[in-house]
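Reading the structure
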There are 2 protein chains.
Amino acid sequence: MEKKQDSLYVSTLARGLQILRAFDESHISLSLAELVARTGLERSAVQRMAHTLHLEGMLDRDEKTRRFRPSHAWLELAYAYYWSDPLIARALPKLIEFSRAMGETVNLAQISGDHILYSLRLPNQRTHFEASIVGRRVPALNTASGRVIMATWPEHEMREACATWPLRQGTPKTLLDRDKILQGIETAREDGYCLTRDQMLLNEISLAVPVIGKDGPAQAAVQVSLSGVSFDEEQVIRKVLPVLLDSAAGILG
Amino acid sequence: MEKKQDSLYVSTLARGLQILRAFDESHISLSLAELVARTGLERSAVQRMAHTLHLEGMLDRDEKTRRFRPSHAWLELAYAYYWSDPLIARALPKLIEFSRAMGETVNLAQISGDHILYSLRLPNQRTHFEASIVGRRVPALNTASGRVIMATWPEHEMREACATWPLRQGTPKTLLDRDKILQGIETAREDGYCLTRDQMLLNEISLAVPVIGKDGPAQAAVQVSLSGVSFDEEQVIRKVLPVLLDSAAGILG
DNA sequence: ATTTTAAGTATCACTATTTGATACTAAGAG
DNA sequence: CTCTTAGTATCAAATAGTGATACTTAAAAT
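Residues numbered from 1 in each chain as written. Chains lettered and ligands numbered in written order. Predicted model: local features only at pLDDT ≥ 70, side-chain atom pairs only at ≥ 80, totals over all residues. Heavy atoms only, no water.

Focus: the protein's contact with DNA strand C
Around DNA strand C, a shell composed of 19 residues is seen, among which Arg15(A), Arg48(A), Thr12(B), Ala33(B) and Arg61(B) lie nearest. Here the atoms of DNA strand C within 4 Å of the protein split so that 60% fall in sugar or phosphate, with bases taking the remainder. Contact between DNA strand C and Tyr9(B): a phosphate oxygen at 3.4 Å from a main-chain N or O atom of the residue. Thr12(B) has a polar side-chain atom sitting 2.6 Å from a phosphate oxygen of DNA strand C. Put simply, the parts of the chain that give the surface near DNA strand C at least two residues each are α1 (11-21) and α3 (43-55) of chain A together with α1 (11-21), α2 (32-39) and α3 (43-55) of chain B. (Near = heavy atom within 4 Å. Polar contact = N/O pair within 3.5 Å; in protein donor to acceptor, adjacent residues only side chain to side chain. Helix = DSSP H or I, 4+ residues; strand = E, 2+ residues; numbered from the N terminus.)

Quick word on the protein's contact with DNA strand D
Taken together, the neighbourhood of DNA strand D is formed by 21 residues, with Thr12(A), Ala33(A), Arg61(A), Arg15(B) and Arg48(B) sitting nearest. Of what DNA strand D places within 4 Å of the protein, 59% of the atoms are sugar or phosphate. Contact distances for DNA strand D include 2.6 Å between a phosphate oxygen and a side-chain N or O atom of Arg61(A). Where the surface near DNA strand D is concerned, the elements lending two or more residues are α1, α2 (32-39) and α3 of chain A together with α1 and α3 of chain B. Looking at the surface near DNA strand D, the element that brings in the most residues is α3(B), giving 5 residues. The residue makeup of the surface near DNA strand D, split by class, is 7 nonpolar, 6 polar and 8 charged. (Nonpolar A, V, L, I, M, F, W, Y, C, P; charged D, E, K, R; others polar.)

Side note on the sheet that holds strand β3 (residues 105-112) of chain B
Residues and elements named next belong to chain B. The 6 strands are arranged β5-β4-β3-β8-β7-β6 in an open sheet whose pairing can be described as antiparallel. This sheet does not close on itself; its edge strands, each paired only once, are β5 (137-139) and β6 (194-197). Averaged over neighbouring strand pairs, the angle between their axes works out to 30° when direction is ignored. By the bridge criterion, 4 bridges tie β6 to strand β7 (residues 204-211) in an arrangement that is antiparallel. Among the inter-strand pairings, Arg-197 is bridged to a residue of β7, identified as Ile-205. Across the sheet, helix α9 (residues 233-252) lies against β3, β6, β7 and β8 (220-227), angled at about 30° from β7, the strand it touches most. (Pairing = 2+ DSSP bridges. Axes fitted to C-alpha atoms, helices over the stretch in contact; angles between N-to-C directions. Contact = heavy atoms within 4.5 Å.)

Examining the pattern of salt bridges
One pass over the structure, following the stated rule, counts 22 salt bridges over all chains. As a salt-bridge pair, Glu56(A) and Arg21(B) come within 2.9 Å of each other at their nearest N and O atoms. Of this pair, Glu56(A) sits in the loop between α3 and β1 (59-61) while Arg21(B) sits in helix α1, which puts the two residues in different chains. Classification of Glu56(A) as buried rests on a relative accessible area of 14%. Glu186(A) is paired through a salt bridge with Arg159(A); the nearest N and O atoms lie 3.1 Å apart. Residue Glu186(A) is located in helix α8 (residues 178-191), and its partner Arg159(A) is located in helix α7 (residues 155-164); the two are separated by 27 residues in the primary sequence. (Salt bridge = Lys/Arg side-chain N within 4 Å of Asp/Glu carboxyl O. Buried < 20%, exposed > 50% of the residue type's maximum accessible area, 1.4 Å probe, protein only.)

Brief notes about the pairing of strand β8 (residues 220-227) of chain A
Residue and element names in this part refer to chain A. Within β8, 7 of the 8 residues are buried, which leaves it mostly tucked inside the rest of the structure. With 6 bridges connecting them, strand β3 (residues 105-112) and β8 associate as antiparallel partners. By the bridge assignment, Asn-107 is partnered in β8 with Gln-223. Across 8 bridges, the pairing between strand β7 (residues 204-211) and β8 is antiparallel. Its bridge partner lying in β8, Pro-210 is registered against Ala-221.

Focus on the interface of chain B and chain A
The accessible area lost on association of the parts is a frequent measure of interface size. Each partner contributes residues to the interface: chain B has 70 residues there, and chain A has 70 residues. Considering only the side of chain B, the residues that lose the most area to chain A are Leu75(B), Tyr79(B) and Trp83(B), jointly responsible for 11% of the buried surface there. The tally of links from chain B across to chain A stands at 24 residue pairs in polar contact (both at pLDDT 80 or more). Looking at the side of chain B that touches chain A, the elements with two or more residues in it are α1, α3, β2 (68-70), α4 (73-84), α5 (86-102), β3 and β4 (115-122) of chain B. Of all the elements, α4(B) adds the most residues to the side of chain B that touches chain A, at 11 residues. A per-class count over the side of chain B that touches chain A returns 37 nonpolar, 17 polar and 16 charged. (Buried area = accessible area lost by both parts, 1.4 Å probe.)

So, the domain arrangement of chain A
Considered domain by domain, chain A is made up of domain 1 (9-73) and domain 2 (85-252). Here the C-alpha centre of domain 2 of chain A lies 34 Å away from the C-alpha centre of domain 1 of chain A. (Domains from an automatic or database assignment.)

Quick notes on the nonpolar core
Ranked by internal contacts, the top residues of the largest apolar core, which has 116 residues, are Trp74(A), Tyr82(A), Leu108(A), Trp74(B), Tyr82(B) and Leu108(B). Every residue in contact with Leu108(B), bar those within four places of it in the chain, is listed here: Leu87(B), Ile88(B), Ala91(B), Leu95(B), Leu117(B), Tyr118(B), Ser119(B), Leu120(B), Val211(B), Ala220(B), Ala221(B) and Val222(B). (Core = buried A, V, L, I, M, F, W, Y, C linked by side-chain atoms within 4.5 Å.)

As structure tokens, this is what we get:
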């Protein structure tokens, strides 16, 4: 049913949410005019929504510049999310153990639509900011995590996702050939892990293994991010993979 | 101006936000009836808000149990917050360095109203879940972070906060005597750091130093969480404090 | 197994909230 | 200094959202 014909749909609330979604990594503070431009909403509607979000504590407002910015309430929502997702509490101790043992950045990635979303990050190296903070979404097909999760899915479901899900070029070396990506997923299916390099960040080796519970196809993976300058792939397989497999097995096993 | 007399205030949006705020560490999934109870809103209003939040991707809905739960979108908001707060990008490399050097849990805490909010956490030890995830708010007066931040404020402002801000009993040993808390803040002012133990968690030593920029009074602190079983206070001061001071100094210096 | 109660869903008449337009003010650009 | 843009405040109109309620489904009690 079209939203506008859905009598339960509250368009005013939806507009308020549009304001929140206008902020991202490239829009860290926004004026009313910029919010109008980014949401397409009418100017007085934006004025009312922003004003209300500010009063309700969702947006901070700089009195001098009159620009809005996300408030601490956005992290409070993350806190509530963390409690609500049982995988988080199960994974965190395992990621901490891994981090202590290996001294490398380790993440929990989860399928989110046709992307993967990083829900936990334990950074160990100074790297790109976007690779150190939670909440980032990346096309699943472009990541070791996405591929290794999909490797656990039924053939039909995996092939359809492989054929239709979006791709994004992260580096000049990002693989965009769907046949080759499919091959990589099939290899991951055989190996039980997926290793990629230079896909989202140059000189990044990414190793992922699926988090498998009793109910079959994975929806999450644990993933290590390593410097391609400090490691080669053979070393990663020999030294890091066994520990990562152990970590993943301990989450839902 | 009372909200209801504020012609720019959008009560429908505010109701939607009330639904979001109903989820917390004790309410990880909620039925419609529970949302009604927790928000005080009328049942059909809750039905419409929850329905719209679900369609807009803010809430997941279990088709079997018909319960709602926070979605990945809540972490996406955290991602946007992280980009918008310049302190995060400045602090993260320093916290990573500290974490690698000391192997202990280190956090970034920020003043948020009359509480402190943990905006970054680099866990190193397996500890209580709520002490390992971002977004938690704790009364500022009850924490080493809050006290050491307030120690940098003008006398009047610090004394007023000390007299009026809320307290919460975290352990049987939590200090609730405002005079003694004031003494602790004054000691922190002299020492340049604040050390507490057993305030929010038993057997936890908490050491905090303020993050001071060019514009005077601090709004943030870096804080280490250590086991009181493994360390005594003298060791913490001798071994950990110098590194922590160095980390804090490197953030805005 | 049956009955009762509670929760969820769908619909409705009504009105108050929200809308988009616009006048006015303030700030920024030229 | 003038013009343009952005922000603010107000308004009449209308429609979106309201709270009540009937109906359906699920859970709890007997």
